[in-house]
Amino acid sequence: MKNYKIAVLKGDGIGPEIVGEAIKVLNVTAEKCGFTVAYEEALLGGCAIDATGVPLPDETVAKCKAADSTLLGAVGGPKWDTLPGHLRPEKGLLGIRSALGLFANLRPARIFEPLREASPLRADIIDGSLDIMVVRELTGGIYFGERGRLEENGVQAAYDTEKYSVPEIERIARIGFDLAMKRGRKLCSVDKANVLESSRLWRETVTRIAKDYPEVELSYMYVDNCAMQLVRNPSQFDVLLTSNIFGDILSDEASMISGSIGMLASASLGATGSGLYEPIHGSAPDIAGQNIANPLATILSVAMMLKYSLGQPEASDMIEKAVADVLGEVRTPDIYVEGFQKVSCTEMGDAVCQKIKAM
Ligand code: IPM
Ligand code: MG
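One numbering rule holds for all chains: residues counted from 1, following each sequence as written. Lettering of chains starts at A and numbering of ligands starts at 1, both following the order in which they are written. The predicted origin of the model limits local features to residues at a pLDDT of at least 70 and limits the giving and counting of side-chain atom pairs to 80 or more, whereas totals for whole chains, interfaces and linings rest on all residues. Remark: hydrogens and water are excluded; side-chain values derive from all non-hydrogen atoms of the structure.

Undergrad: Explain the overall build of the protein here, please?
TA: Helix numbers and strand numbers start at the N terminus; a helix is a DSSP run of H or I with at least 4 residues, a strand a run of E with at least 2. Scanning the protein from N- to C-terminus turns up 11 helices and 14 strands. Compactness check: the protein gives a C-alpha radius of gyration of 20 Å against a globular reference of 21 Å for 359 residues, within 12% of the reference. Across its three principal axes, the protein shows a C-alpha extent of roughly 65 × 50 × 45 Å. Throughout, exposure labels follow a simple rule: accessible area from a 1.4 Å probe, protein chains only, divided by the maximum for the residue type, with under 20% read as buried, over 50% as exposed, and the rest as partly exposed. The proportion of buried residues among the 359 residues of the protein is 51%. In this description, contact between two residues means that some pair of their heavy atoms is separated by no more than 4.5 Å. Contacts in the protein between residues far apart in sequence, at least 24 positions, make up 75% of those at least 6 positions apart. Note on charges: Lys and Arg go in the positive column, Asp and Glu in the negative column, and His and the chain ends are not counted at all. Lys charges are placed at NZ, Arg charges at CZ, Asp charges at CG and Glu charges at CD. Once the 37 positive and 48 negative side-chain charges of the protein are each reduced to a mean point, those two points are 3 Å apart. For the radius of gyration, the atom set is restricted to C-alpha positions; the globular benchmark scales as 2.2 Å times the number of residues to the power 0.38.

Dropping the structure here:
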């Protein structure tokens with residue numbers, strides 16, 4: 001029987017609660033599909049700072065590298081907000097992405113049919129299908145560029161640098177085009193090429209790579225226009241390919257179209273395929289420990305792991321189907337509306353497990 005080794009980084013805030021439910025679901029799915037999973041926990045973020053003094057201990061990187069894949073909850077919280085930049089929990093998150101070479105971040109935004117009324121967009125705007133894949137470059141650009149403080153003519157200043165090399169753009173573009181081929185065969189590359197030189201190189205490079213994908217319809221959009229189009233007519237998009245900072249911002253926007261940021265999963269992939277999977281939402285310290293968080297984004301992240309890293313597409317489909325099914329019956333508070341049963345985080349996990357067992 002196939003046995004997978006998964007590194008588990010529960011993180012801070014609601015992280016441990018939502019990861020606990022995702023593991024429950026993965027175990028039930030494994031039993032159903034005839035494989036086993038062994039878990040190795042490691043520290044990342046605030047909990048790592050408390051235990052070791054740094055947000056990303058070397059041991060954590062080693063455990064993730066040794067695993068078939070990594071599951072992450074969320075990091076951060078007010079307790080660590082006043083620490084200097086290099087010691088913040090977020091630095092641990094950027095650090096693990098970089099240490100594992102995870103340059104491609106896939107963030108699907110789609111509407112689950114039973115949640116259609118939860119979208120803040122008018123029904124006529126999201127009528128029809130909505131299924132966008134944001135492909136965000138994850139280990140380059142301004143989040144990793146040179147930064148610093150200086151004094152100019154007695155005035156304090158600070159700077160951050162956006163820089164992309166051709167190979168960095170090429171590899172993320174190929175991920176985008178490969179995905180587009182498996183989906184709607186449309187790719188929109190998002191940049192700010194009317195102002196930024198790095199965006200002009202991005203556009204040139206994407207145009208060149210596109211020649212290898214003649215079946216994909218390529219378009220370009222400036223990021224400001226894209227932000228507007230996402231709420232004006234989101235169904236026009238299939239794959240959105242963009243840089244680290246633009247992808248960070250646009251994926252939050254795209255996620256909200258689906259009703260709750262508590263629903264959206266993500267995959268971070270590199271050259272090795274092992275990948276790191278996490279919900280796109282944060283650690284929600286305000287509701288931590290109350291058993292009311294929505295675990296579905298983390299559960300759906302496990303579904304992505306099964307598909308993209310573990311080669312278990314049927315198990316992945318089972319989880320996605322189970323999630324779609326439970327949404328017709330039970331709701332955590334963030335997506336609750338009258339007529340449904342309001343459930344806790346653990347009850348939501350149980351409900352998904354029940355659906356899978358019954359399949
Ligand atoms: C995300 C988050 C992180 C990012 C932060 C917490 C560093 O916003 O995963 O989108 O900017 O990548
Ligand atoms: Mg973000």
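What follows continues from the structure just given.
Undergrad: For this particular structure, what's the right way to read the site of ligand 1?
TA: By convention in this text, a residue qualifies as near a molecule or strand provided that one of its non-hydrogen atoms is within 4 Å of it. Close to ligand 1 lie Glu-90, Leu-93, Arg-97, Arg-107, Arg-136, Tyr-143 and Asp-248, which account for all nearby residues. A 3.5 Å cut-off defines polar contacts: any pair of N or O atoms within that distance qualifies, except that in protein one atom must be a possible hydrogen donor and the other a possible acceptor, and neighbouring residues in sequence count only when both atoms are side-chain atoms. Contact between ligand 1 and Arg-107: an oxygen atom at 2.8 Å from a side-chain N or O atom of the residue. Interatomic distance of 2.9 Å between a side-chain N/O atom of Arg-136 and an oxygen atom of ligand 1. For the accessible areas, the method is Shrake-Rupley and the probe is 1.4 Å, while residue cover comes only from the protein chains on display. The fraction of the free accessible surface of ligand 1 (320 Å²) that becomes covered by protein chains is 74%.

Undergrad: Got a minute to help me understand the pattern of salt bridges in this structure?
TA: It is possible for side chains of opposite charge to pair when their charged atoms get near one another. The term salt bridge refers to a side-chain nitrogen of Lys or Arg lying within 4 Å of a carboxyl oxygen of Asp or Glu. Considering all chains together, one arrives at 25 salt bridges under this definition. Arg-147 is paired through a salt bridge with Asp-160; the nearest N and O atoms lie 2.7 Å apart. Of this pair, Arg-147 sits in strand S6 (residues 147-152) while Asp-160 sits in strand S7 (residues 155-160), and the two are 13 residues apart along the sequence. Measuring nitrogen to oxygen at the nearest pair gives 2.7 Å for the salt bridge that ties Lys-355 to Glu-329. Here the residue Lys-355 occupies a position in helix H11 (residues 345-357), and Glu-329 occupies one in the loop between helix H10 (313-326) and strand S13 (330-331), the gap between them amounting to 26 residues. Residue Lys-355 is classed as partly exposed on the basis of its relative accessible area of 23%. The partly exposed category is assigned to Glu-329, whose relative accessible area is 42%. Because the salt bridges share partners, they merge into one network encompassing Glu-21, Lys-24 and Asp-350.

Undergrad: Even after reading the chapter, I still don't get helix H9 (residues 296-308), so can you show me in this structure?
TA: Every α-helix winds through 3.6 residues per turn, so residues three or four apart in the chain are directed the same way. One less than the number of residues in a helix, times 1.5 Å, gives the span that helix is expected to have. A rise of 1.5 Å per residue sets the reference length of H9, with its 13 residues, at 18 Å; its end C-alpha atoms lie 18 Å apart and thus fit the reference within 8%. Burial runs high along H9: 11 of the 13 residues are buried. Listed as buried for H9 are Leu-296, Ala-297, Thr-298, Ile-299, Leu-300, Ser-301, Val-302, Ala-303, Met-304, Met-305 and Leu-306.

Undergrad: I keep staring at the environment of Arg-110 and nothing clicks. Help me out?
TA: In this structure, Arg-110 sits in strand S4 (residues 104-110). Of the residues examined, Arg-110 reaches a relative accessible area of 23% and is grouped as partly exposed. The contacts of Arg-110, once residues within four sequence positions are left out, are Leu-130, Asp-131, Ser-258 and Glu-320.

Undergrad: Please explain the sheet that holds strand S5 (residues 131-137) as it appears in this structure.
TA: Two modes of strand pairing occur in sheets, parallel and antiparallel, and in both the strands are linked by backbone hydrogen bonds. When DSSP finds at least two bridges between two strands, those strands are taken to pair. Taken in spatial order, the 10 strands line up as S2-S1-S3-S12-S11-S4-S5-S10-S8-S9 in an open sheet, and their pairing is mixed. The two strands at the open ends of the sheet, each matched to only one other strand, are strand S2 (35-41) and strand S9 (217-222). Within this sheet the neighbouring strands show an average axis-to-axis angle of 25°, counted without direction. Here 3 bridges tie S4 to strand S11 (residues 265-269), and the two strands are oriented antiparallel to one another. Paired with Leu-106 across the strands is Ala-267, a residue of S11. Contacts from helix H7 (residues 223-232) reach S5, strand S8 (186-191), S9 and strand S10 (239-242), with the element oriented near 105° to S9. Axes here mean lines fitted to C-alpha atoms, for a helix over just the part in contact, with angles spanning 0 to 180 degrees between N-to-C directions.

Undergrad: How do you make sense of unusual backbone geometry when you look at a structure like this?
TA: Of all residues except glycine, most have a negative phi; of all peptide bonds, most are trans. Despite not being glycine, Arg-185 has its phi angle at roughly 60°, a positive value. With respect to the helices and strands, Arg-185 occurs in the loop between helix H5 (166-182) and S8. Although it is not a glycine, Ala-284 adopts a positive phi angle of roughly 40°. Residue class for Ala-284 comes out partly exposed when judged on its relative accessible area of 22%.

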